[in-house]
Amino acid sequence: MVGKPNITASSLHPKENVSVILTCTSTNAEKILWSRVPSGAPLPSGATLSQDNRTVIFSRINRSDSGDYRCQASNPVSTENSDPVTIKVAYGPENVKVKSTSSSNSLILLECSADSVPPAIYYWKLNETVLKQQSQLEVDQEKAENEGTYTCVANNSVTQLTAMDSIYVNSTFG
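All of these numbers come straight from a predicted model, not from anything done at the bench.

1. Some remarks on the overall build of the chain
- Tallying secondary structure elements over the chain gives zero helices and 15 strands in all.
- A compact globule built from 174 residues should have a C-alpha radius of gyration of about 16 Å, whereas the chain, at 24 Å, is more than 25% larger.
- Seen through its principal axes, the chain has C-alpha atoms that stretch 85 × 25 × 20 Å.
- In the chain, once contacts between residues fewer than 6 apart in sequence are set aside, the share between residues at least 24 apart is 57%.
- Carbon and sulfur atoms make up 48% of the accessible area of the chain, which totals about 9,800 Å².

Shown next as structure tokens:
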């Protein structure tokens, strides 16, 4: 009987473009097959297999490689599948965008978004002064001191990367 295979990963939450190795171990296995979940999906093109098929090597893992992986161990007597292992590739922040919408007569809502895994942490600056840590900011345009350049800074705690976008807000004061 073949033993239930187990997958170990060099990293389950790697940064994009680093190398990641998945290893399948099982007792009495003569053959190892790898797949992506949903069942049977092929391995990504950036993945290479070791000669004995026991390891999958991503020399530069990509965000599209995120997902669930499974190995199947077999011999002439039996076949067993591993539990899936989930790889979540960290990237970003990218494509930071500030959007403004009017919420009432003098109030506008600034919203910040970015492509990032894990989700970005946002904070706002007005003319280089840090205001708040959140993705949205309400600004009263009737206050003269609120005029200026609002910058949303998006930070990814895993990749340690930062990106930003700005918008200029005019005061309606006077």
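Still to come is the rest of the account.
2. Details of the pattern of salt bridges
- Counted under the stated rule, the structure contains six salt bridges.
- Taking the shortest distance from any N to any O, the salt bridge between Arg63 and Glu16 comes out at 2.8 Å. Placement of Arg63 in the loop between β5 (55-58) and β6 (67-74) and of Glu16 in the loop between β1 (6-9) and β2 (20-25) is noted, with a sequence separation of 47 residues between them.
- Exposure remark for Arg63: the relative accessible area of 27% places this residue in the partly exposed category.

3. Quick look at the sheet that holds β1
- If you walk across this open sheet you meet the four strands as β1-β2-β5-β4, and the pairing is antiparallel. Where the open sheet ends on each side, the last strands, each with one partner, are β1 and β4 (47-49). Averaged over neighbouring strand pairs, the angle between their axes works out to 20 degrees when direction is ignored.
- In the sheet, β1 pairs with β2 via four bridges, with the strands oriented antiparallel. Considered in β2, the bridge of Ile7 is made with Cys24.

4. Some remarks on the side chain of Asp65
- Here Asp65 shows up in the loop between β5 and β6.
- Summary of buried charges: Asp65 has no salt-bridge partner, and the nearest side chain of opposite charge, Arg36, is 4.8 Å away.
- The residues contacting Asp65, other than those within four sequence positions of it, are Arg36, Pro44 and Phe58.

5. Observations concerning the side chain of Ser78
- Structurally, Ser78 can be placed in the loop between β6 and β7 (79-81).
- Overall, Ser78 belongs to the buried group, its relative accessible area being 11%.
- Among the polar contacts made by the side chain of Ser78, one reaches the main-chain amide nitrogen of Val2 at a distance of 2.8 Å.
- The residues contacting Ser78, other than those within four sequence positions of it, are Met1, Val2 and Ala73.

6. So, the pairing of strand β9 (residues 91-102)
- The pairing of β9 with strand β10 (residues 107-117) spans eight bridges and is classified as antiparallel. When the bridges of β10 are listed, Lys99 appears paired with Glu111.
- Counting the residues that bridge the hairpin from β9 to β10 gives four residues.

7. Digging into unusual backbone geometry
- Residue Pro93 is bonded to the preceding Gly92 through a cis peptide linkage, with omega at 10 degrees.
- Cis geometry marks the peptide bond from Val117 to Pro118; its omega dihedral reads -5 degrees.
- Locating Pro118 in the fold gives a position in the loop between β10 and β11 (121-126).
- Of note in the backbone geometry, Asn28 takes a positive phi value of approximately 65 degrees without being a glycine.
- Tracing the sequence through the fold places Asn28 in the loop between β2 and β3 (31-37).
- Overall, Asn28 belongs to the exposed group, its relative accessible area being 52%.

8. So, the pairing of β11
- Judged from the six bridges that link them, β11 and strand β14 (residues 148-155) form a sheet pairing that is antiparallel. Following the sheet pairing, Leu126 is matched in β14 by Tyr150.
- Pairing of β11 with strand β12 (residues 129-130) involves two bridges; the strand directions are antiparallel. Note that in β12 the partner of Leu126 across the bridge is Thr129.
- Where β11 folds back on β12, the antiparallel hairpin that results is connected by two residues, among which Asn127 adopts a positive phi of roughly 50 degrees.

What counts and what doesn't
- Residues numbered from 1 in each chain as written.
- Predicted model: local features only at pLDDT ≥ 70, side-chain atom pairs only at ≥ 80, totals over all residues.
- Heavy atoms only, no water.
- Helix = DSSP H or I, 4+ residues; strand = E, 2+ residues; numbered from the N terminus.
- Rg over C-alpha atoms; globule rule 2.2 N^0.38 Å.
- Contact = heavy atoms within 4.5 Å.
- Areas by Shrake-Rupley, 256 points an atom, 1.4 Å probe, with all protein chains shown as cover.
- Salt bridge = Lys/Arg side-chain N within 4 Å of Asp/Glu carboxyl O.
- Buried < 20%, exposed > 50% of the residue type's maximum accessible area, 1.4 Å probe, protein only.
- Pairing = 2+ DSSP bridges.
- Axes fitted to C-alpha atoms, helices over the stretch in contact; angles between N-to-C directions.
- Lys, Arg positive; Asp, Glu negative; His and termini not counted.
- Polar contact = N/O pair within 3.5 Å; in protein donor to acceptor, adjacent residues only side chain to side chain.

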